[in-house]
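Commentary on secondary and tertiary structure
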Amino acid sequence: MERKVRVRFAPSPTGGLHLGGVRTVLYNYLFARHHKGDFVLRIEDTDQTRFVEGAEQYIMNCLEWCGLIPDESPENGGPHVPYRQSERKHLYKDYAELLIESGHAYIAFDTPEELEKMRAENKRDDNTNPQYDQRIRGLMRNSLTLSAEEVAALIAQGTPYVVRIKMPENETISLTDMIRGEISFDSSLVDDKVLLKADGMPTYHLAVVVDDYLMQITHAFRGEEWLPSAPVHVLIWKYLGWKEKMPLWAHLPLILKPDGNGKLSKRDGDRLGFPVFAMNWTDPKTGEITKGFKEMGFLPQAFVNMLAMLGWNPGVEQELFTMDELVQRFSMERVHKGGAKFNFDKAKWFNHQYIQHTDNAVLAGLVKPFFLQSAPEAIQVSGEILEKVVGMVKDRCHLLTDFWEQGHFFFVTPEIKEMAVIKDKWNDQKQQFFTAWITELENMSDWNHDALETGCNELAPKFGLKKGDVMLPLRIMLVGGKFGPGVFAIAELIGKEETIKRIKSITG
Ligand code: GLU
């Protein structure tokens, strides 16, 4: 019988969630939905030295913001609780023991100093980075070199020990990767990785196999940096007698720097001025805040659509997809083998598209927090006005943060940044025109776009001016610069008093 598709995102809660991580979540989610399967969130927190306060909650917040909610998780529970590896500690030891009993793993007592010494002593031209492997294990203090009595005595004395896998010699270990096809490894080149640490916690290598097995995971997607450890995992599946149940792996390509030179890092984001984390991450130790896509003004749907396309080919020209369309079309085989270059302008293009397609009332709600941040005192304004403003300037906005820049003059008197444009071509006719127009405006009973435009158009020729002669100065008086929607629409919305005030502040 076909097994029900079950996939998992298994982050270690160590800090901000990189966009590569979100893409892994997304591919898991799309694959699960496409196959009507389950999507599990498992927190891999067995490395106590890397534990970071708040990181788990942060990951869940990111998933929620992206709309990629797991079916099973530490928060929501599920049939395989607990979903946090630190709470599953008691489970792993038995499997490590089974591996010892079958001769595929062994106990090692070497202290950190002894390991250091081994590395220093065995460094040679043909072995620049000596590892605990088949060449070395015979020289160390472990259950392969010590007698059973010595091992028992050391354990009885409470000597700390780890459990290591015993990698076979000269074996070819193969696996079928959904993206890369058949991959083979030479077992002799892989070291005897630690499976269980001295504190009784499993390492990733043991925990990932045991949990993927117990949680009945059918497909496992992870970053390609895990490819070198894959042979260890394949062997553990085999040695525990579970090979038939091993998930199908997909090692996802890296997200690269914009120039294609290596993995995109947080530092690249800082350097080039774009975020690499989904949401703002505050380092609990230093208090340092790293900007996220959310706080930079991205819509989650745009962020997700952009990520879907970063390394996956939908097979059609279309670039904008709803989540439902992505679910329908998604297939792991269409994920590229090579890394995908991150392009911030393209990310902004996606956001711009989503902004245009978002209903103005919804957009107003999304933009408001950014307005409040920029000028809390300015937003004593009805939702209705904000909605109108948003509708008028949205075609100029790529980020939600752009709305303030593009629309602040509707709420606050703008700073006139382009005074020179007015002053350079100022003359008596213009002075007289604006003075006369102000009088007309003061007497205007029907304050609306059309009346304003007609009045202005009829008055200008009386002073020997063309429409174009007065529009630019008027724009700068109302907006502060050479941008923004139609001037009469702006005047209509800011109202009579404010319009006259802004004109007078220039004409005197
Ligand atoms: N805990 C691993 C990480 O954070 C997960 C790798 C996997 O998905 O198996 O990278």
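Scoring rules and cut-offs
- Residues numbered from 1 in each chain as written.
- Predicted model: local features only at pLDDT ≥ 70, side-chain atom pairs only at ≥ 80, totals over all residues.
- Heavy atoms only, no water.
- Helix = DSSP H or I, 4+ residues; strand = E, 2+ residues; numbered from the N terminus.
- Rg over C-alpha atoms; globule rule 2.2 N^0.38 Å.
- Buried < 20%, exposed > 50% of the residue type's maximum accessible area, 1.4 Å probe, protein only.
- Contact = heavy atoms within 4.5 Å.
- Near = heavy atom within 4 Å.
- Polar contact = N/O pair within 3.5 Å; in protein donor to acceptor, adjacent residues only side chain to side chain.
- Areas by Shrake-Rupley, 256 points an atom, 1.4 Å probe, with all protein chains shown as cover.
- Nonpolar A, V, L, I, M, F, W, Y, C, P; charged D, E, K, R; others polar.
- Axes fitted to C-alpha atoms, helices over the stretch in contact; angles between N-to-C directions.
- Parallel < 35°, antiparallel > 145°, perpendicular 65-115°, else oblique.
- Left-handed = near helix turned anticlockwise from the far one by under 90°.
- Core = buried A, V, L, I, M, F, W, Y, C linked by side-chain atoms within 4.5 Å.
- Salt bridge = Lys/Arg side-chain N within 4 Å of Asp/Glu carboxyl O.
- Pairing = 2+ DSSP bridges.
- Right-handed = clockwise from strand over helix to strand, strands pointing away.

**Side note on the overall build of the chain**
Helix and strand counts for the chain stand at 21 helices and 13 strands. By the compact-globule yardstick of 23 Å for 508 residues, the chain is too spread out, its C-alpha radius of gyration being 32 Å. Its C-alpha atoms put the chain at 110 × 50 × 40 Å along the principal axes. Burial analysis of the chain (508 residues in total) assigns 51% to the buried set. For the chain, contacts bridging at least 24 residues in sequence account for 72% of all contacts bridging at least 6.

**A few points about the site of the ligand**
Around the ligand, the neighbouring residues are R8, A10, P11, S12, E44, Y204, V208, R222 and W226. Contact distances for the ligand include 2.8 Å between an oxygen atom and a side-chain N or O atom of R8. In the environment of the ligand, a nitrogen atom lies 2.7 Å from a nitrogen or oxygen atom belonging to the side chain of E44. Surface burial for the ligand is 81%, taken as the share of its 300 Å² of free accessible area covered by protein chains. In terms of residue class, the shell around the ligand is built from 5 nonpolar, 1 polar and 3 charged.

**Here we look at the packing of helix α6 (residues 204-214) against helix α7 (residues 230-239)**
When two helices pack together, their arrangement is given by the angle between their axes and by how far apart the axes lie. Viewed as axis vectors pointing N to C, α6 and α7 meet at an angle of 50°, and their least axial separation amounts to 10 Å. Here α6 is positioned oblique relative to α7, judged by the angle of their axes. Relative to α7, the crossing made by α6 is right-handed. Taking contact as the criterion, the partners of Y204, H205, L206, V208, V209, D212 and Y213 in α6 are, on α7, V232, H233, I236 and W237. Considered class by class, the residues forming the contact of α6 with α7 number 8 nonpolar, 2 polar and 1 charged.

**Points about the environment of R180**
Structurally, R180 can be placed in the loop between β5 (172-177) and β6 (181-186). Considered as a pair, R180 and G338 are 158 residues apart in the sequence and their alpha carbons are 9.8 Å apart. Setting aside chain neighbours within four positions, we find R180 in contact with E224, L227, H251, L252, P253 and K337. Here E224 takes part through its side chain, which lies 2.9 Å from a polar atom of the side chain of R180.

**Examining α7**
Within α7, 9 of the 10 residues are buried, which leaves it mostly tucked inside the rest of the structure. Among the residues of α7, A230, P231, V232, H233, V234, L235, I236, W237 and Y239 are the ones counted as buried. G241 occupies a position one or two residues after α7 and carries a positive phi of about 80°.

**Things to note about the side chain of D192**
Inspection of the secondary structure assignment puts D192 in the loop between β6 and β7 (194-196). With relative accessibility at 0%, the residue D192 sits in the buried group. In this structure D192 touches Y106, Y132, D133, R137, R164, I165, K166 and M167, once residues within four positions along its chain are discounted.

**A closer look at the nonpolar core**
The nonpolar side chains of a soluble globular protein tend to be buried with one another. With 61 residues, the main nonpolar core has L19, F293, F303, M306, L307, M332 and F342 as its most contacted residues. The leading source of residues in this core is helix α1 (residues 19-34), at 9 residues. Here F342 is in contact with L19, I255, L256, K257, P258, L264, F274, F293, M306, L310 and A347, once residues within four sequence places are set aside. If you look at the next biggest cluster of nonpolar residues, it comprises 50 residues, including A364, V367, M477 and F488.

**Observations concerning the environment of E453**
With respect to the helices and strands, E453 occurs in helix α18 (residues 449-459). A relative accessible area of 23% places E453 in the partly exposed class. Here the alpha-carbon distance between E453 and E114, two residues 339 residues apart in the chain, equals 86 Å. Excluding residues that lie within four positions of it along the chain, E453 makes contacts with K467 and F488. A polar atom in the side chain of E453 sits 3.4 Å from the side chain of K467.

**Concerning the pattern of salt bridges**
Counted by the stated rule, this structure contains 30 salt bridges. Residue R141 is joined to E114 by a salt bridge in which the shortest nitrogen-to-oxygen separation is 3.1 Å. Of this pair, R141 sits in the loop between α4 (112-121) and α5 (148-156) while E114 sits in helix α4, placing them 27 residues apart in sequence. The exposure class of R141 is partly exposed, given its relative accessible area of 29%. Residue classification places E114 among the partly exposed positions, given a relative accessible area of 28%.

**Notes on the packing of helix α13 (residues 360-374) against helix α14 (residues 383-393)**
Running from N to C, α13 and α14 point in directions that differ by 100°, and their axes come no closer than 8 Å. The orientation of α13 relative to α14 falls into the category roughly perpendicular. Counted together, N360, A361, L363, A364, V367, K368 and F371 of α13 and L386, E387, V390 and G391 of α14 form the full contact between these two elements. Its residues assigned to classes, the contact of α13 with α14 shows 7 nonpolar, 2 polar and 2 charged.

**Things to note about the sheet that holds strand β4 (residues 162-165)**
Spatial strand order, β3-β4-β7: 3 strands in an open sheet with antiparallel pairing. Unpaired on one side and paired on the other, β3 (105-108) and β7 mark the two borders of the sheet. Between one strand axis and the next, the sheet turns by 45° as a mean value, whatever way the strands run. Here β4 runs beside β7; their pairing, made up of 2 bridges, is antiparallel. What sits directly across from V163, in β7, is L196.

**Focus: the pairing of strand β1 (residues 6-9)**
Strand residues, when the strand is regular, have side chains that alternate between the two faces of the sheet. Both faces of β1 are covered, namely the face carrying R6 and R8 and the face carrying V7 and F9. Pairing analysis gives 4 bridges linking β1 to strand β2 (residues 38-41), with the strands arranged parallel. Residue V7 lies in a different strand from β2, and its bridge partner there is F39. The handedness of the β1 to β2 crossover, carried by α1, is right-handed.

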